[in-house]
Amino acid sequence: MADTAVRTHAERRAAALEVFERFTNGEVDAERAQRSMERRLGALGTFAFDVVMGDVWARPQLSRRDRSLIVITVLATIGSSEELSLHTEVGLNHGLTRTEIEEILLQVAAYAGFPMAMAASRVVDDRFRQLDGVDRLPERSGGAELDDDERERRAVEVRQTLTAGRASTDPASDMGRLVEHLGEVGRIAYHWAFGDLWSRDELSRRDRSIVVISILTALSRTDELAFHVPAGLNHGLTRTEIEEIMVQMTIYGGIPRAVEGTHAMKAAFAKVDARS
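Here goes a summary of the coordinates provided. (Residues numbered from 1 in each chain as written. Predicted model: local features only at pLDDT ≥ 70, side-chain atom pairs only at ≥ 80, totals over all residues. Heavy atoms only, no water.)

Here's the deal with helix 2 (residues 30–41)
Link 1 in the chain: Look at helix 2: 16 Å from first C-alpha to last across twelve residues, which is about the 16 Å you get at 1.5 Å a residue.
Link 2 in the chain: Restricting attention to buried positions, one finds in helix 2 the residues Ala30, Ala33, Gln34 and Met37. All buried residues of helix 2 lie within an arc of 100° about the axis, which places them on one face of the element. Exposed and facing more than 90 degrees away from the buried side of helix 2 are Arg32 and Arg39.
Link 3 in the chain: For helix 2, the capping residue at the N-terminal end is Asp29, with a side-chain oxygen 3.4 Å from the backbone nitrogen of Glu31.
Link 4 in the chain: Gly42 occupies a position one or two residues after helix 2 and carries a positive phi of about 65°. (Helix = DSSP H or I, 4+ residues; strand = E, 2+ residues; numbered from the N terminus. Expected span 1.5 Å × (residues − 1). Buried < 20%, exposed > 50% of the residue type's maximum accessible area, 1.4 Å probe, protein only. Arc of directions from axis to C-beta. Polar contact = N/O pair within 3.5 Å; in protein donor to acceptor, adjacent residues only side chain to side chain.)

Things to note about the nonpolar core
Link 1 in the chain: Counting residues in hydrophobic clusters, the biggest one holds 68 residues, and the most contacted among them are Phe49, Met53, Leu84, Tyr111 and Phe194.
Link 2 in the chain: Here Leu84 is in contact with Ile72, Leu75, Ala76, Ala120, Val123 and Val124, once residues within four sequence places are set aside. (Core = buried A, V, L, I, M, F, W, Y, C linked by side-chain atoms within 4.5 Å. Contact = heavy atoms within 4.5 Å.)

A word on the packing of helix 4 (residues 64–78) against helix 13 (residues 239–252)
Link 1 in the chain: Relative to each other, helix 4 and helix 13 sit at 45°, their axes nearing to 10 Å. One finds that helix 4 runs oblique with respect to helix 13. As helix 4 runs across helix 13, the sense of the crossing is right-handed. Between helix 4 and helix 13, the contacting residues are Arg67, Ile70, Val71, Val74, Leu75 and Ile78 on the first element and Glu244, Ile245, Gln248, Met249 and Tyr252 on the second. (Axes fitted to C-alpha atoms, helices over the stretch in contact; angles between N-to-C directions. Parallel < 35°, antiparallel > 145°, perpendicular 65-115°, else oblique. Left-handed = near helix turned anticlockwise from the far one by under 90°.)

Some points on the packing of aromatic side chains
Two aromatic rings are characterised by how far apart their centres lie and by the angle between their planes.
Link 1 in the chain: Counted under the stated rule, the structure contains four aromatic pairs.
Link 2 in the chain: Note on Phe114 and Trp192: the rings are 5.3 Å apart at their centroids and 10° apart in plane angle, and the pair reads as stacked. Residue Phe114 is found in helix 7 (residues 114–132), and its partner Trp192 is found in helix 10 (residues 184–197); the two are separated by 78 residues along the sequence.
Link 3 in the chain: Note on Phe114: relative accessible area 47%, which makes it partly exposed.
Link 4 in the chain: Geometry around Phe194 places Arg159 over its ring, the cationic atom sitting 5.4 Å from the centre.
Link 5 in the chain: Sitting over the ring of Phe269, Arg239 keeps its end group 4.7 Å from the ring centre. (Phe/Tyr/Trp six-rings, centres within 6.5 Å; stacked < 30°, edge-to-face > 60°. Lys NZ or Arg CZ within 6 Å of the ring centre and 35° of its normal.)

Side note on the packing of helix 4 against helix 11 (residues 205–218)
Link 1 in the chain: In the contact formed by helix 4 and helix 11, the axes pass within 9 Å of each other and the chain directions differ by 40°. Here helix 11 runs oblique to helix 4, going by the angle between their axes. Here helix 4 and helix 11 pass one another in a crossing that is right-handed. Residue-level contacts link Arg65, Asp66, Leu69, Ile70, Thr73, Val74 and Thr77 of helix 4 to Arg206, Asp207, Ile210, Val211, Ser214, Ile215 and Ala218 of helix 11.
Link 2 in the chain: Its residues assigned to classes, the contact of helix 4 with helix 11 comprises seven nonpolar, three polar and four charged. (Nonpolar A, V, L, I, M, F, W, Y, C, P; charged D, E, K, R; others polar.)

Looking at the side chain of Asp196
Link 1 in the chain: Topologically, Asp196 is positioned in helix 10.
Link 2 in the chain: What makes Asp196 buried here is its relative accessible area of 19%.
Link 3 in the chain: Here the side chain of Asp196 touches Arg151 through a polar contact of 2.8 Å, side chain to side chain.

Points about the environment of Leu84
Link 1 in the chain: One can find Leu84 in helix 5 (residues 81–93).
Link 2 in the chain: Under the relative-accessibility criterion, Leu84 is labelled buried at 1%.
Link 3 in the chain: Along the backbone, Leu84 and Gln34 are 50 residues apart, and their C-alpha atoms lie at a distance of 20 Å.

As for the pattern of salt bridges
Link 1 in the chain: For the coordinates displayed, the defined rule picks out 28 salt bridges.
Link 2 in the chain: Between Arg65 and Asp66 there is a salt bridge, with its nearest N and O atoms 3.2 Å apart. With respect to burial, Arg65 and Asp66 carry one shared label: buried.
Link 3 in the chain: In this structure, Glu150 and Arg154 form a salt bridge, with 2.8 Å as the shortest nitrogen-oxygen distance. Placement of both Glu150 and Arg154 in helix 8 (residues 148–162) is noted, with a separation of four residues, approximately one turn of the helix.
Link 4 in the chain: On the basis of relative accessibility, which here comes to 21%, the residue Glu150 falls in the partly exposed class. (Salt bridge = Lys/Arg side-chain N within 4 Å of Asp/Glu carboxyl O.)

Given below as C-alpha cells:
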C-alpha cells in the first residue's frame, strides 16, 4: 500500500519524537535525546530520528509490536548485539512478552543457525537481568521431548497450515517428498523445523511467519521466500503487512536486501494469483 501523504520535515520530526517516546515509555526526553544523537553522530543521528523513526516506525501499516518482532529477528540474525539489547527492551515496551522474544530466537536457530541464536540469547538474557536488577534469571523449562512419530504428526498439521491444505496428510508421504528432494536435510527440517518448532504455541503461526520472512529476507534467501510468503498469507498475514516487512527491512537489513525481498515477494504473490 503506497503512502502518498506529503509531510513537512516538522511533521516527520514530530512523528519520530512520538515513536521515541514509545520506545522508552516516556522515561527519556525525546527532544533531548535527538539533540544528543545529532551532536554525537552528525547526519547519522539526524537520519536515525527522521528516517528510522519518522519515516518507517511511524507508518500505520503494522503495529509497533509487529515491527519490534521484525527488528529483534533481524538484529539476532545479523549478530548486531548492541542494537539487539536496546530493542529487546523496546519490544517489551511495545507489548512483546519475554516468552515471545525467547521464541523468536528458536526460529532464528532453525533459519539462521544455532550460533546466531545462542549469541542472541546471551544478549537478551543480559538485558533481562539488567531490567530485573539480578545476577541470575529464574530457571526455564525445556522443550517438549517428542518421539519421531509425534514430531511427524505435528509436522503434518503444521504443513497443512503452511500450504493451505495442499501438503499430504500422511506423514510418511509428506516427509518422504522432502527426503527425496533434500535427503537427510529434509528429514531434519521435517522433524525439527516443522515438528518441534512451528508446532509450539508460545508464538502464533502468524508471528512465526513474520519472523521467518524477516530472517529469509535478511539472509537473501529468495528461493525460500517463494514458499514462506504464501505461507504467511495462509497464516493470516495480509499482503500489505508482508510488504511492510520489506519496508522495515530497508532500515535494518539495508535497501538492497529489501529490494531483493520485494522482488521475491511480488513473484510469490503472482504465483498465488495464477493458482487462484
